[in-house]
Amino acid sequence: MTSATTYPQLTGEYTLDAAHSRIGFVARHAMVTKVRGSFNEFAGTATIDGDNPEKSSVQVTIQAHSIDTRNADRDAHLKGNDFLSMDEYPQITFTSTGIKQTGDTSFDVTGDLTIKGVTRPVTIPFEFEGSAKDPFGNDRIGFEGSTTINRKDFGVTWNAALETGGVLVSDKVTLEFEISAIKNA
């Protein structure tokens, strides 16, 4: 594990490595189980200031059409106007507005999340998982974090009532981030 005293060596520009990262979500279905999914196409950059982590920043763009819940019918429904309105809003974006170190290896990343054309501030607690030089000579860093949002805050309001009471899809959705990024040469 990299100690806080070695953060200065991490200073630089980074590109998210989508092949070794995951941006996912979890929503409760029919009030009895969880459905997990992820977005398979996204890109992002980070600027790390190891001396002053609060001056760091991150920007991520997710392609809405790349949603994958391992069920083609459900994915088609999520891409449609009931949920993500993918044709009108093809991208989901996150742009950081502030970063605060909360512990030796923990950081709160606050930023503007835009889904379906609606932008709201969210804070994502992240844990720094470490840094390494990979076999190809790349300087690599890793972070993991998650936060829960209310999808209705972003205009994603479709639902269906259950005969037994309750609803088909939870309002609360947990967003999950497992990020590997490579330092730009």
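See the structure printed just above.
Residues numbered from 1 in each chain as written. Predicted model: local features only at pLDDT ≥ 70, side-chain atom pairs only at ≥ 80, totals over all residues. Heavy atoms only, no water.

### Examining the packing of aromatic side chains
Here is step 1: Per the counting criterion, the structure on display carries 7 aromatic pairs.
Here is step 2: Taking 5.6 Å as the distance between ring centres and 50° as the angle between the ring planes, the aromatic pair formed by Phe25 and Phe39 counts as tilted. Highlighted residues: Phe25 in strand 2 (residues 22-29) and Phe39 in strand 3 (residues 33-39), separated in sequence by 14 residues.
Here is step 3: A relative accessible area of 10% places Phe25 in the buried class.
Here is step 4: A residue is classified by how much of its surface remains accessible, and Phe39, at 10% relative accessible area, is buried.
Here is step 5: Here Phe126 and Phe177 contribute two aromatic rings whose centre-to-centre distance is 5.9 Å and whose plane-to-plane angle is 50°, an arrangement assigned as tilted. Highlighted residues: Phe126 in strand 9 (residues 118-133) and Phe177 in strand 11 (residues 169-183), separated in sequence by 51 residues.
Here is step 6: When its relative accessible area of 12% is taken as the criterion, Phe126 is described as buried.
Here is step 7: Here the aromatic residues Tyr7, Phe107, Phe126, Phe128, Phe143 and Phe177 are joined through ring pairs into a cluster of three or more. (Phe/Tyr/Trp six-rings, centres within 6.5 Å; stacked < 30°, edge-to-face > 60°. Helix = DSSP H or I, 4+ residues; strand = E, 2+ residues; numbered from the N terminus. Buried < 20%, exposed > 50% of the residue type's maximum accessible area, 1.4 Å probe, protein only.)

### Re the side chain of Thr147
Here is step 1: Looking at where Thr147 falls in the secondary structure, it is placed in strand 10 (residues 139-150).
Here is step 2: Thr147 gets classed as buried once you look at its relative accessible area, which sits at 13%.
Here is step 3: Separated by 3.1 Å, the side chain of Thr147 and the backbone oxygen of Thr123 make a polar contact.
Here is step 4: Discounting chain neighbours no more than four positions away, the residues touching Thr147 are Thr123, Ile124, Pro125, Val173, Thr174 and Leu175. (Polar contact = N/O pair within 3.5 Å; in protein donor to acceptor, adjacent residues only side chain to side chain. Contact = heavy atoms within 4.5 Å.)

Interpretation note: all reported values are geometric properties and have no functional meaning in isolation.
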